Amino acid sequence: MHYECVEGTVRKLLLIVMVVLVFPVLAAGQNPAESGDALKDQLISLEKQSWEAWKNRDGNFYKTFLSDDHVEVGAGGVSTKDEIVPFVGSPVCVIKSYSVDSFSFTLFDANTAMLTYHAAQDTTCHGKLVPSPAWVSSMYVKRGGRWLNAYYQQSSAGK
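Here, residues in each chain are numbered from 1, in the same order as that chain's written sequence. Given that this is a predicted model, residues contribute local features only at a pLDDT of at least 70 and side-chain atom pairs are listed and counted only at 80 or more, while totals for whole chains, interfaces and linings are drawn from all residues. Note: side-chain values were computed over all heavy atoms of the structure, leaving out hydrogens and water.

Participant: Sorry, what's going on with the state of the cysteines here?
Facilitator: The disulfide definition used here is simple: a pair of cysteine sulfur atoms within 2.5 Å. Enumeration according to the criterion identifies 1 disulfide in this entry. Put simply, Cys93 and Cys125 are joined by a disulfide, and their sulfur atoms are 1.9 Å apart. On the sign convention where negative means left-handed, the S-S torsion of about 110° between Cys93 and Cys125 marks this disulfide as right-handed. In this pair, Cys93 sits in strand E3 (residues 93-109) while Cys125 sits in strand E4 (residues 112-125), placing the two residues 32 residues apart along the sequence. Only DSSP runs of H or I reaching four residues or more are called helices, and only runs of E reaching two or more are called strands; each is numbered from the N terminus.

Right under this line is the structure:
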């Protein structure tokens, strides 16, 4: 009799654990393996690839990196994907060097995440020095199983 009581209690505890911890994750559609450090590393890697593409004038990278509804805010105002892709691929800007560091990661839900970080660059566009250093906000959305950059903003960090 005592064994049946303990076994019933263990079953109830396991059910409670499943309801409280596992089901909310499944209901949100979040892949537990994709949350936390692994996703942070994946998005930081994408962000660094975007900086290399910027330096190398690789507009084609941005065709698949940016969401179709991407918005970018910088010293020159607000831009869309249709404006950014050809701009990056043009010889208008010369990037001599850049550095990115101090990454922070926020997971808002299973399909929305943001990186914030510090960036510095020695870049000129139209012969004018690009403001540097800056704090960056870079938001990603997951669509069709892929993480896409939907929003990017740089704010001057002063010198």
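Next comes the rest of the account.
Participant: Quick question: what am I supposed to make of the pattern of salt bridges here?
Facilitator: In a structure, side chains of opposite charge can pair up when their charged atoms sit close to one another. One side-chain nitrogen of Lys or Arg within 4 Å of one carboxyl oxygen of Asp or Glu is enough to make a salt bridge. A complete count under the given rule lists 2 salt bridges for this structure. We note a salt bridge from Asp68 to Lys81, for which the minimum N-O separation is 3.0 Å. You can see Asp68 sitting in strand E1 (residues 66-74) and its partner Lys81 sitting in helix H4 (residues 81-89), a full 13 residues away along the chain. The cut-offs for exposure are 20% and 50% of the maximum accessible area for each residue type, with area from a 1.4 Å probe on protein chains only; residues under the lower value are buried, those over the upper are exposed, and the others partly exposed. According to the relative accessible area criterion, Asp68 is exposed, its value standing at 70%. Judged by relative accessible area, which is 12%, Lys81 ranks as buried.

Participant: Sorry if this is basic, but what is going on with the side chain of Ser67 here?
Facilitator: Within the secondary structure layout, Ser67 lies in strand E1. Judged by its relative accessible area of 0%, Ser67 is buried. Every residue pair with non-hydrogen atoms within 4.5 Å of one another is taken to be in contact. Excluding anything up to four places from it in sequence, Ser67 contacts Lys81, Arg143, Leu148, Asn149 and Ala150.

Participant: Help me understand the environment of Asn60 in this model?
Facilitator: When you line up the elements, Asn60 lands in helix H3 (residues 59-65). Expressed as a C-alpha distance, the spacing of Asn60 and Val85, which sit 25 residues apart in the sequence, is 7.1 Å.

Participant: Sorry if this is basic, but what is going on with unusual backbone geometry here?
Facilitator: Backbone geometry follows two general trends: most residues other than glycine have a negative phi, and most peptide bonds adopt the trans configuration. Between Ser132 and Pro133 the backbone carries a cis peptide bond, its omega angle lying at 0°. Look at Arg57: it is not a glycine, yet its phi comes out positive at around 60°. Here Arg57 lies in the loop between helix H2 (37-55) and H3. The class for Arg57 is partly exposed, based on a relative accessible area of 35%. Despite not being glycine, Ser102 has its phi angle at roughly 55°, a positive value.

Participant: Would you mind going over H4 with me for this structure?
Facilitator: A turn of α-helix holds 3.6 residues, and therefore any two residues three or four places apart point the same way. Within the span of H4, buried status applies to Lys81, Ile84, Val85 and Val88. Viewed end-on, H4 has its buried residues packed into an arc of 100°, placing them on one side of the element. Close packing links the buried residues of H4 with H2, H3, E1 and strand E2 (77-80). The arc in question is formed by the directions pointing from the helix axis toward the C-beta atoms.

Participant: Could you clarify how one ought to interpret the environment of Ser67 in this entry?
Facilitator: Separated by 80 residues in sequence, Ser67 and Trp147 have C-alpha atoms that sit 8.8 Å apart. What qualifies as a polar contact is a pair of N or O atoms within 3.5 Å, subject to a donor-acceptor requirement within protein and to the restriction that residues adjacent in sequence count only when both atoms come from side chains. At a separation of 2.8 Å, a polar atom in the side chain of Ser67 contacts the side chain of Asp69.

Participant: Is there a simple way to explain the environment of Ser156 in this structure?
Facilitator: Within the secondary structure layout, Ser156 lies in strand E7 (residues 146-156). With relative accessibility at 60%, the residue Ser156 sits in the exposed group. Ignoring anything within four residues of it in the chain, the contact list for Ser156 reads Pro133 and Ala134.

Participant: What is the right way to read the side chain of Asn149 from this model?
Facilitator: The residue Asn149 is located in strand E7 in this model. A distance of 2.7 Å separates the side chain of Asn149 from the side chain of Ser138, its partner in a polar contact. Excluding residues within four positions of it along the chain, Asn149 makes contact with Glu47, Phe65, Leu66, Ser67, His70, Ser138, Met139 and Tyr140.

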